[in-house]
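As a plain string of letters, each chain reads:
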Amino acid sequence: MKPGDGRPRVLAVVAVLIALAVIRDLRILLVGLALVAPLPLLAGVWHRGWFWQLVILNLVAGLAMVGMILSGQTNAAWLLLGRVNAMALAGWGLLVGLSPQALALALRRLGLGERLPALLALTAHFLGLLGEEVGRLRDNLRARAFQFHLTPHGVRTFGYLAGMLLWRAHER
């Protein structure tokens, strides 16, 4: 095994995710969450806007929680939220140093076939292109001294921005 090989990290993430997925007791899940919570701190992820990604993930999981709580499954709702957070912390903490290409290579070397690593690499590539395009469009808006306000003009401009982003992505 080479020093830059990502297989041990991918296997560690898979093992942690399986271990967290089978937990049915909320107290044990909280212990697991406490064990994986320091991983992103140790990996130095906090300074990269990572906190806001976790907030968005919690908002999406919170929507599922509302439906579960309204249907009387309160314990299952809390288990869902704990699992989502623990799995996100473990995944981000253990895979933070791997580039998408290194992750795809590790998955291929683990025998997951050709399609899943290729799909991962293409997704990472196109998300990077979209990120660059958003940066260019944001720079254009900033050059024109645009300040977003919740007015018809601001919403219309934001709609044009989203349309241009989708059009340029389609053209590529």
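Residues numbered from 1 in each chain as written. Predicted model: local features only at pLDDT ≥ 70, side-chain atom pairs only at ≥ 80, totals over all residues. Heavy atoms only, no water.

I keep staring at the overall build of the protein and nothing clicks. Help me out?
Helix and strand content of the protein: 8 helices and 0 strands. Whereas a compact globule of 172 residues would reach a radius of gyration of roughly 16 Å, the protein reaches 20 Å, over 25% beyond that. Buried residues in the protein amount to 23% of all 172 residues. Put simply, of all contacts in the protein between residues at least 6 apart along the chain, 69% involve residues at least 24 apart. Accessible area for the protein stands at about 11700 Å²; split by element, carbon and sulfur atoms hold 70% of it. (Helix = DSSP H or I, 4+ residues; strand = E, 2+ residues; numbered from the N terminus. Rg over C-alpha atoms; globule rule 2.2 N^0.38 Å. Buried < 20%, exposed > 50% of the residue type's maximum accessible area, 1.4 Å probe, protein only. Contact = heavy atoms within 4.5 Å. Areas by Shrake-Rupley, 256 points an atom, 1.4 Å probe, with all protein chains shown as cover.)

It is not clear to me how a nonpolar patch on the surface should be interpreted in this structure. Could you clarify?
On the surface, Leu11, Leu110, Leu112 and Leu116 cluster together into a nonpolar patch covering about 330 Å² of accessible area. Its place among the elements puts leucine 116 in helix H7 (residues 115–143). (Patch = residues over 30% accessible without salt bridge, like charges linked within 9 Å, V, L, I, M, F, W, Y side chains within 5 Å. Salt bridge = Lys/Arg side-chain N within 4 Å of Asp/Glu carboxyl O.)

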